[in-house]
Amino acid sequence: MENSTPLIALEDVVVRYTAGTEALKKVNLSVGKGEFVFVVGSSGSGKSTLIKTLLGEVPVTSGSIRVSGKQLNKLKRKELPYYRRMLGVVFQEFRLLEDRNVYENVALAQRVIGVSNERIKKNVSIMLDMVGLNDKSRDYPQELSGGEQQRVAIARAMVNRPGILLADEPTGNLDPNNSWEIMTLLEEMNKLGTTVIVVTHNNEIVDRMKKRVVTLHQGNLISDEAQGGYVQ
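Being a predicted model, the structure only gives us computed values, none of them experimental.

Conventions used here
Residues numbered from 1 in each chain as written. Predicted model: local features only at pLDDT ≥ 70, side-chain atom pairs only at ≥ 80, totals over all residues. Heavy atoms only, no water. Buried < 20%, exposed > 50% of the residue type's maximum accessible area, 1.4 Å probe, protein only. Helix = DSSP H or I, 4+ residues; strand = E, 2+ residues; numbered from the N terminus. Pairing = 2+ DSSP bridges. Right-handed = clockwise from strand over helix to strand, strands pointing away.

## What about the pairing of strand β8 (residues 195–199)?
Working step 1: With five of five residues buried, β8 is to be regarded as a mostly interior element.
Working step 2: Both faces of β8 are covered, namely the face carrying Thr195, Ile197 and Val199 and the face carrying Val196 and Val198.
Working step 3: The pairing of strand β3 (residues 36–40) with β8 spans four bridges and is classified as parallel. Pairing of Val37 across the sheet is with Ile197, part of β8.
Working step 4: Inspection of the sheet shows strand β7 (residues 164–168) paired to β8 by five bridges, in the parallel sense. In the sheet register, Leu165 faces β8, and the bridge partner there is Val196.
Working step 5: Between the parallel elements β7 and β8, the chain passes through helix α6 (residues 176–191) in a crossover that is right-handed.

Below, the structure is given as structure tokens:
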């Protein structure tokens, strides 16, 4: 870890849903600035809940989460949108706006925070170039392949230059070739200094990329390996 103070720190985090199910059970986890971390585990292990707690979508029942010095469980509802500006998020199902072209899908993330049109044009062009889609800027999502749509989603997530990128099953709807393209892209973003956390069930990718691997099982953090493989 690069710094003594972690960028992300979970301390004894418990998430209990109203039905009584404990999705996370006293989870302790620290992630340093610039790390690339896989979060793995079987269905129902708590992977997506972990991402949702980091997004501030799911409150912790007990324990604490600190991200960039902000304690999530003490943030007011009106403060959450500003906190989320520090994060880029990529989902399995892309979540692009079908009635907007590629340029506008990426530009929207900038418009929300009040960036000028001149800066938007420059920043969107830079990001689309990074993901190899400048020639598709006027195309609409339905005209793109799954891999291209996910690259647009990554460009949208990164255009505001967030310090942290959360990717929840980013290759879940993609074939192996497109999956590797997406993972290579995430690795490139990480090399630029972005802290990347990827939730995945793709054991081949995890085994081959040799990154830090955190394994959850039934809400418990059971393994944390500096260069781990997929734990069944």
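## Details of unusual backbone geometry
Working step 1: Of note in this structure, Asp12 is not a glycine but carries a positive phi near 50°.
Working step 2: Phi at Phe94 is positive, roughly 70°, even though this residue is not glycine.
Working step 3: As for its placement among the helices and strands, Phe94 is situated in the loop between β6 (87–91) and α3 (102–111).
Working step 4: Take Phe94: its relative accessible area is 11%, and that puts it in the buried class.

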